[in-house]
Amino acid sequence: MLIALDNSVLYTALPTLTRELGADGSASLWIVNAYPVVMAGLLLGAGTLGDRVGHVRMFHTGLVIFGAASLVATFAPTAGVLIAARALLAVGAATMMPATLALIRVTFHVERERNIAIAVWGTVSIVGAALGPIVGGVLLQAFWWGAVFLINVPIVVAALTATALIRPSNDPDPAKRWDLTSSIQAMTGLIAMVVAIKEFADPGPAWSLIAVAVMVSAVALTLFARRQRRLPHPLLDFTIFTNKAFTAGVIAAAVTMFAIGGVQLVTVQRLQLVVQFSPIESGLVVSAIMLGSVPTALLGGVILHRSGLRLLISGGLALAGLGLTLSVMTFAASLLALVTGLVISGLGLGAVIAVASTAIVGNARSRQAGMAASIEEVSWEFGNLTAVAVIGTLIGLVYSATIRLPPSAPDAARDSLTTALALPEGTPELHEAAHAAFDTGYLVVMIVITATVFAGALLTRRLLRHHGPGTPSSIQDD
């Protein structure tokens, strides 16, 4: 819940942070991106390190780092310090997150019990993501922007206290090896990829920087893949993807987080900047997609042993696509219809959230628990990273390309809607043009998200064609 809350709380706080810290478009992007980029790069190594030193120890270490980074973010004087603090938050999150799921995998050996345990685990994450925009809105109305990070500290203290009382025994495996080089290669490749996407979306892209970033990303990820094939204990064993249920779970997790992250990011911005909703009002609206997913997330884990993976994963994605279609068709005309579409989407995505993790972790052996948990977490974070990088830059690109400035408006209004609204030369005509351009961008990115969800439904249905009702969701353990 802590990690999901910190991921989504920033959506409602971002406009305020951008204004208070004087952050430009690039800094705003990295305030959001620093967290998922660093986390995705470190997760694989963290899971393997957890196998080596014990997952309980990793969980405690991650909590301490997360709490300290939260304090730094709370009192950050500049956008640069906040970006660094968000990166440190990601280090803490990457350290503790795989441990939570790995402990479930090694504790619950009965398939049905494990399915329910993972469903509860996923539901808690949903609650955190749903609370994020609401908590962010409440805190921004009552306090200053730093409160959205300070809220993490008492949660960290409570978690450390609770785990001291109820933790399982730490069970390290010194025979495992942790490879720092592989983690650095993965993180380098992901960061370079985001730089390329961000620069491409700028009104005047630096093509030399894009070329270098693409090259660095390709080289780093290629070296990572080659290194894994040579290591006796790789961070990522590519042979595990031969299990189609495992692969379907990875795809479903990434697509689900892409949809949730993308929809929340752009919808909060539109509601605050175009519709003039307060942070708490916009937070309540976008939380509909997460609140709608809670009942199906819990139900999915309970009925998985009867329904099989295919119905809940591919069927859930298809239902989510229908809900998003309703939101796309009605967002400009009816707030009620927009919220209804988000709730329907949440019902579908909740079913996926309940069982995608089971498909991943349940189709790996206990001795691969840390690696499987890391891959599972990378899937979710990569989906969120892609949503922020692609959707965040795409809406800016469409805005800049479609805005029709009044004759007297400064050209700087093309940079972003936030810039246009803040210009001292702003006129009602300029604001109207900026709002219209942003709505065009919103429509485009929502269509892209919807199409991605439907594509995920079709692909996972094909991969899970032998996982219909009554089929096992997990492989038998060693």
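Below is a summary of the structure that appears in this document. Source: prediction; values computed, not measured.

Moving on, we come to unusual backbone geometry. The backbone of Gln276 shows a phi angle near 70 degrees, a positive value even though the residue is not glycine. Tracing the backbone shows Gln276 in the loop between α10 (244-273) and α11 (279-286).

So, about the pattern of salt bridges. Overall, the coordinates contain two salt bridges when judged by the stated rule. In this structure, Asp439 and Arg270 form a salt bridge, with 2.6 Å as the shortest nitrogen-oxygen distance. With a gap of 169 residues between them, Asp439 in helix α17 (residues 428-463) and Arg270 in helix α10 connect regions that are remote in the sequence. Each member of the pair, Asp439 as well as Arg270, carries the same accessibility label: buried. Between Asp411 and Arg414 there is a salt bridge, and its shortest N-O distance comes to 3.0 Å. Exposure remark for Asp411: the relative accessible area of 54% places this residue in the exposed category. Residue Arg414 is classed as partly exposed on the basis of its relative accessible area of 28%.

A rise of 1.5 Å per residue sets the reference length of helix α7 (residues 152-166), with its 15 residues, at 21 Å; its end C-alpha atoms lie 21 Å apart and thus fit the reference within 8%. Considered for burial, the residues of α7 that qualify are Asn152, Val156 and Thr163. Along the axis of α7, the buried positions cluster into a sector of 40 degrees, meaning they face one direction only. Opposite the buried face of α7, by more than 90 degrees, sit the exposed residues Ala164 and Leu165.

Looking now at the packing of helix α3 (residues 55-74) against helix α4 (residues 79-107). In the contact formed by α3 and α4, the axes pass within 7 Å of each other and the chain directions differ by 160 degrees. Comparing the axis directions of α3 and α4 gives the class roughly antiparallel. Crossing handedness for the pair α3 and α4: left-handed. Broken down by class, the residue content of the contact of α3 with α4 amounts to 20 nonpolar, seven polar and no charged.

Okay, α10 next. Helix length check: α10 (30 residues) gives 43 Å between terminal C-alpha atoms against 44 Å at 1.5 Å per residue, within 8%. The buried fraction of α10 is high, at 28 of 30 residues. One side-chain oxygen at the N-terminal end of α10 lies 3.0 Å from the backbone nitrogen of Ala245; it belongs to Asn243.

The relative placement of two packed helices is expressed as an angle between their axes plus a distance between the axes. At a minimum axis separation of 11 Å, α10 and helix α13 (residues 293-330) run at an interaxial angle of 20 degrees. Regarding the angle of α10 to α13, the classification is roughly parallel. Here α10 and α13 pass one another in a crossing that is left-handed. For the pair α10 and α13, contact is made by Ala245, Ala252, Val255, Thr256 and Val263 and by Leu309, Ile313, Leu317 and Leu324, respectively.

Time to look at the side chain of Thr163. One can find Thr163 in helix α7. Within the structure, the side chain of Thr163 is placed 3.2 Å from the backbone oxygen of Leu160, a separation counted as a polar contact.

All right, on to the nonpolar core then. Buried together is how nonpolar side chains tend to be arranged in soluble globular proteins. Within the largest apolar cluster, 69 residues are counted, with the highest numbers of intra-cluster contacts made by Leu309, Tyr399, Met446 and Ile449. With 14 residues, the single largest contributor to this core is α10.

Definitions and cut-offs
- Residues numbered from 1 in each chain as written.
- Predicted model: local features only at pLDDT ≥ 70, side-chain atom pairs only at ≥ 80, totals over all residues.
- Heavy atoms only, no water.
- Helix = DSSP H or I, 4+ residues; strand = E, 2+ residues; numbered from the N terminus.
- Salt bridge = Lys/Arg side-chain N within 4 Å of Asp/Glu carboxyl O.
- Buried < 20%, exposed > 50% of the residue type's maximum accessible area, 1.4 Å probe, protein only.
- Expected span 1.5 Å × (residues − 1).
- Arc of directions from axis to C-beta.
- Axes fitted to C-alpha atoms, helices over the stretch in contact; angles between N-to-C directions.
- Parallel < 35°, antiparallel > 145°, perpendicular 65-115°, else oblique.
- Left-handed = near helix turned anticlockwise from the far one by under 90°.
- Nonpolar A, V, L, I, M, F, W, Y, C, P; charged D, E, K, R; others polar.
- Polar contact = N/O pair within 3.5 Å; in protein donor to acceptor, adjacent residues only side chain to side chain.
- Contact = heavy atoms within 4.5 Å.
- Core = buried A, V, L, I, M, F, W, Y, C linked by side-chain atoms within 4.5 Å.

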